[in-house]
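# Survey of secondary and tertiary structure
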Amino acid sequence: MTGTILVTGGGGAVGSAVCEFLAERGCKVRAMVRQKDARSEKLAARGVEIAAGDLCDLHAAHRAMEGCDRVYFGMSVSPAYLEATVNMAAVAKHHQIKAFVNISQMTVSQMGITSTTDSPQQKMHWLAEQALGWSGLPVVTVRPTAFLNTFFLRLSMQSVRQHRQIRLPFGTGKISPVASDDVARVIATVLEAPEGHVGRIYELTGPRSQSMTEIAEEFSEALDETITYVDVPFEPWRKALADSGALSPHVLTHLATMALLIQENRYDRLTSDVERVTGSPALDLTGWFWTGLIERVSWDRRSRTCGEVRRRARSRWC
Ligand SMILES: NC(=O)c1ccc[n+]([C@@H]2O[C@H](COP(=O)([O-])OP(=O)(O)OC[C@H]3O[C@@H](n4cnc5c(N)ncnc54)[C@H](OP(=O)(O)O)[C@@H]3O)[C@@H](O)[C@H]2O)c1
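In this text the structure is predicted, and so the values were computed from the model without any measurement. By convention here, each chain's residues receive numbers from 1 onward along its written sequence. The predicted origin of the model limits local features to residues at a pLDDT of at least 70 and limits the giving and counting of side-chain atom pairs to 80 or more, whereas totals for whole chains, interfaces and linings rest on all residues.

### Digging into the overall build of the chain
To be explicit about the condition: Secondary structure elements are taken from DSSP: a helix is a run of H or I of four residues or more, a strand is a run of E of two residues or more, and numbering for both begins at the N terminus. Atoms considered for the radius of gyration are the C-alpha atoms alone. The globule rule reads 2.2 Å times the number of residues to the power 0.38. Exposed residues have 12 or fewer other C-beta atoms within 10 Å of their own C-beta, buried residues have 20 or more, and residues in between are partly exposed; the C-beta atoms are placed from the backbone. By the criterion used throughout, residues are in contact when their C-beta atoms, derived from the backbone, lie within 7 Å.
Of regular secondary structure, the chain possesses 13 helices and 9 strands. The C-alpha radius of gyration computed for the chain amounts to 19 Å, which stays within 12% of the reference 20 Å derived for 318 residues, consistent with globular compactness. Dimensions of the chain, computed from the C-alpha atoms along their principal axes, are close to 55 × 50 × 35 Å. Among the 318 residues that make up the chain, the fraction classed as buried is 44%. Of the contacts formed within the chain by residues at least 6 apart in sequence, a portion of 75% connects residues at least 24 apart.

This is the structure:
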């Protein structure tokens, strides 16, 4: 395919990385962003065309998709998610899009009409997958587990910095967090050549499913400091997140549900879909510290000396 690829959420973790990977590969890319800012300027400097607009706005979606033959759809966890999905699907049908890559969540694979979760976001992802299935669009579904960086590390950074502890209410549950850059690599690979991917569902995890104690050991190795895991009680943890005022009620309920599902060991999942699609394995925590923290991972993973990387990791985390 030779047409333009529309990437929504161009200012976000996955969307921006998808744009960069595709631009590196010489594809024609258009990023849809909510508004133009420093992030979109950075993408424009790499040759990405920018279309500003709201994903729930039919006209903005129509303008952004005009002339495109493939679409990545993803946006921030928010109450308007389902409306935006259906909006984009309607516009994609109008433009006879050849591949519509939808990001969902791994939890959806365990959901059904009689088994949902307490997260309104997860329910909307399940409904969005249903609606896209009914649409007849050439859909590719990508269901990542919790993101290593924007979920897992963000929730643990402050307590690592202040106390050399990972304080989370995950009990003895295991998780296999995946780097958002690996998710983006999968999406970019599919968009570049969608033949053979349409109709498929990819479930994306990191390379190991580990307890928090094992993860703390990886932190210790990467930072050259003793980092321990402390299993904190759920409700005070949830309340502290709420009191911080940093999260909307929708996002707070979603994160709290994820924490409880991890406690129940529902995130103890492992797949090799990152490697199956891209040809290279998913980053583990140590690999992410070594590369992803320092610079966005490129197709040819950048290598640096361990000493330099550890110094830079410590300056950010310790
Ligand atoms: N984080 C995890 O652990 C995890 C795990 C599995 C799946 N996922 C899925 O990953 C997706 C999120 O991807 P991400 O990490 O790239 O999200 P992100 O970093 O929050 O980026 C999403 C982008 O969407 C844009 N956006 C939000 N609402 C919009 C609207 N109404 N119109 C136009 N643009 C809008 C945001 O713009 P602004 O920046 O201007 O607000 C943001 O740049 C979600 O589907 C989520 O369920 C996440």
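### Concerning the environment of M75
As for its position among the elements, M75 is in the loop between β4 (68-73) and α4 (81-94). Once the C-alpha coordinates of M75 and L22 are considered, the two residues, 53 residues apart in sequence, prove to be 18 Å apart. Once you skip the residues sitting within four places of it in the chain, M75 turns out to touch T8, G9, L55, Y81 and A84.

### Some points on the site of the ligand
Selection rule: Only the C-beta atom, placed from the backbone, is used; a residue is near a molecule or strand if that atom lies within 6 Å of it. Residues were grouped as follows: Ala, Val, Leu, Ile, Met, Phe, Trp, Tyr, Cys and Pro as nonpolar; Asp, Glu, Lys and Arg as charged; and all remaining residues, including Gly, as polar.
Contacts to the ligand come from 25 residues, most closely from G9, G11, G12, V14 and F151. Taken together, the elements giving at least two residues each to the shell around the ligand come down to α1 (13-24) and α6 (148-163). By residue class, the composition of the shell around the ligand is 13 nonpolar, 10 polar and 2 charged.

### Focus on the sheet that holds strand β3 (residues 49-52)
The test is simple: Criterion used throughout: strands pair if DSSP finds at least two bridges between them. Orientation is described by lines fitted to C-alpha atoms, with helices fitted over the stretch in contact, and by angles between N-to-C directions that extend from 0 to 180 degrees.
The 7 strands are arranged β3-β2-β1-β4-β5-β6-β8 in an open sheet whose pairing can be described as parallel. Each edge of the open sheet is held by one strand with a lone partner, namely β3 and β8 (201-204). Between one strand axis and the next, the sheet turns through 20° on average, direction left out of account. As paired strands, β4 and strand β5 (residues 99-103) are joined by 4 bridges and run parallel to one another. Looking across to β5, one finds that V71 is bridged to F100.

### Some words on the packing of helix α3 (residues 58-65) against α4
Definition in use: Note on angle classes: values under 35 degrees are labelled roughly parallel, values over 145 roughly antiparallel, values of 65 to 115 roughly perpendicular, and the remainder oblique. Handedness of a crossing is defined here by the sense of rotation of the near helix relative to the far one, left-handed for an anticlockwise turn of less than a right angle and right-handed for a clockwise turn.
Contact geometry for α3 and α4: axes closest at 9 Å, N-to-C directions at 45°. Taken together, the axes of α3 and α4 lie oblique to each other. Of the two possible hands of crossing, α3 and α4 adopt the one that is right-handed. Facing L58, A61, H62 and M65 of α3, the residues of α4 in contact are N87, M88, V91 and A92. For the contact of α3 with α4, a count of residues per class yields 6 nonpolar, 2 polar and no charged.

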